[in-house]
Amino acid sequence: MNIPHIDYFGLKDEPFSTSPNPRFLYISPTHNIALEKTKWTIAARRGLAICFGVPGTGKTTLVRDLATRLEDDTTVSYVAITNPNFPTANQLLRAIIQEFEVGKTSKNYLELLNIFKEYLAEQAIKQNKNLVLIIDEAQTLKPPLLEMLRQLMNYESNDQKFLQVVLFAQEDFRKRLQHPRYTNLVNRVAMSSSIEPLSLSQTAAMLKYRWMIAGGQETTFPFTDDAIEQLFTYSKGIPRTQIILADNALLAAYLLQLRTVSADLIHQVVKDRGLPDAQPEPEPQSIKRNVRSEGGKTI
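Residues numbered from 1 in each chain as written. Predicted model: local features only at pLDDT ≥ 70, side-chain atom pairs only at ≥ 80, totals over all residues. Heavy atoms only, no water.

What to know about the nonpolar core
Ile 96, Phe 116, Leu 149 and Leu 152 are the most contacted members of the largest nonpolar core, which totals 40 residues. Secondary-structure elements contributing two or more residues to this core are β1 (48–53), β2 (76–81), α4 (89–99), α5 (109–126), β3 (130–135), α6 (143–152) and β4 (163–169). It is α5 that contributes the most residues to this core, 7 residues altogether. Apart from residues lying up to four places away in sequence, Leu 149 is in contact with Ile 96, Leu 133, Ile 135, Leu 141 and Leu 167. Leu 198, Phe 223, Leu 250 and Val 269 belong to the second largest nonpolar core, which has 30 residues in total. (Core = buried A, V, L, I, M, F, W, Y, C linked by side-chain atoms within 4.5 Å. Buried < 20%, exposed > 50% of the residue type's maximum accessible area, 1.4 Å probe, protein only. Helix = DSSP H or I, 4+ residues; strand = E, 2+ residues; numbered from the N terminus. Contact = heavy atoms within 4.5 Å.)

Overview of the packing of aromatic side chains
Taken as a whole and assessed by the stated rule, the structure comprises 11 aromatic pairs. A centroid spacing of 5.9 Å and a plane angle of 40 degrees characterise the contact between Phe 100 and Phe 116, whose relative ring orientation is tilted. Placement of the pair is Phe 100 in the loop between α4 and α5 and Phe 116 in helix α5, with a sequence separation of 16 residues. Residue classification places Phe 100 among the buried positions, given a relative accessible area of 6%. Of the residues examined, Phe 116 reaches a relative accessible area of 0% and is grouped as buried. Here the aromatic rings of Phe 221 and Phe 223 are separated by 5.6 Å at their centres, their planes lie at 45 degrees, and the arrangement is tilted. For Phe 223, a relative accessible area of 5% translates into the label buried. An aromatic cluster of at least three residues, connected via ring pairs, comprises Tyr 8, Phe 9, Phe 16, Trp 211, Phe 221, Phe 223 and Tyr 254. If you follow Arg 174 out to its NZ or CZ, it ends over the ring of Phe 52, 4.0 Å from the centre. The ring centre of Tyr 8 lies 3.8 Å from the NZ or CZ of Arg 259, which sits over that ring. (Phe/Tyr/Trp six-rings, centres within 6.5 Å; stacked < 30°, edge-to-face > 60°. Lys NZ or Arg CZ within 6 Å of the ring centre and 35° of its normal.)

Remarks on the pattern of salt bridges
Under the defined criterion, the tally for this structure stands at 7 salt bridges. Where Lys 39 meets Glu 36, a salt bridge forms, and the shortest distance between an N and an O atom there is 3.3 Å. Separated by 3 residues within a single helix, Lys 39 and Glu 36 lie in helix α2 (residues 29–43), roughly one turn from each other. Residue Lys 39 is classed as partly exposed on the basis of its relative accessible area, which comes to 30%. (Salt bridge = Lys/Arg side-chain N within 4 Å of Asp/Glu carboxyl O.)

Considering the pairing of β3
Burial within β3 is extensive, with 6 of its 6 residues counted as buried. Both faces of β3 are covered, namely the face carrying Asn 130, Val 132 and Ile 134 and the face carrying Leu 131, Leu 133 and Ile 135. Pairing analysis gives 6 bridges linking β2 to β3, with the strands arranged parallel. Bridged to Ile 81 within β3 is Ile 135. Two elements, β3 and β4, share 5 bridges in a ladder whose sense is parallel. Note that in β4 the partner of Ile 134 across the bridge is Val 166. Handedness of the crossover joining β3 and β4 through α6 is recorded here as right-handed. (Pairing = 2+ DSSP bridges. Right-handed = clockwise from strand over helix to strand, strands pointing away.)

Keep in mind these numbers describe shape, not what the thing actually does.
As structure tokens, then:
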């Protein structure tokens, strides 16, 4: 399908698509810290790493970026599961075994655990492979599935974990882990990190980065400073919302035959969108206090 505003602005690709393409991932300081912590946990074979972030901060794109980086390491064999909400631990374990291409299976859960344990030991000790399991949307994992993952991390030698597990989850997962039921799992977290919303300067850098990756020129970047500030305010720093609003604004500029995106155009886009993901912070209500004057009247 031809996208007219791409040609209009002289671009080769969509700069503000919401598809989790690692090529367009802007590595903010918090993204970089999360990546480095996770890579260290994997390389040191420490077991479990968790990356938290509110929806829209780029966790899924970071998953794909991490997977791309792991592909370049011949000592690593990884599996990424993006929809882990299986009904039972048995089904999740079967999916993991299938993705790792273990070659054996069983209908019995305990036998499945033994099969995978033998596979992990053979790969880690004899083949010197570092096996990595990446799970996105980890907040959807039910308690029995989390307990199964904890069991898998018990498989180890004196100096290394046989399986490295990386969980990417929304912030509410952090609250879940405070429950005493997850004490044993939490005790196995070697490293955790958080992806924070972007600052105003990072918002500008992200938009310009994506523009250049899409084939744009710095001289043709259409967003004014005021427009970027409004994008930041309306989105509260959430990259996904910023990308959606920027894409809407770019199309609006094409339809109006404009070469720049102004703050007024961002206002109009947000108004037309009319959805709660792009609403400014409400003005703080004034606090009314009853104060009695010397004359006894309330003011």
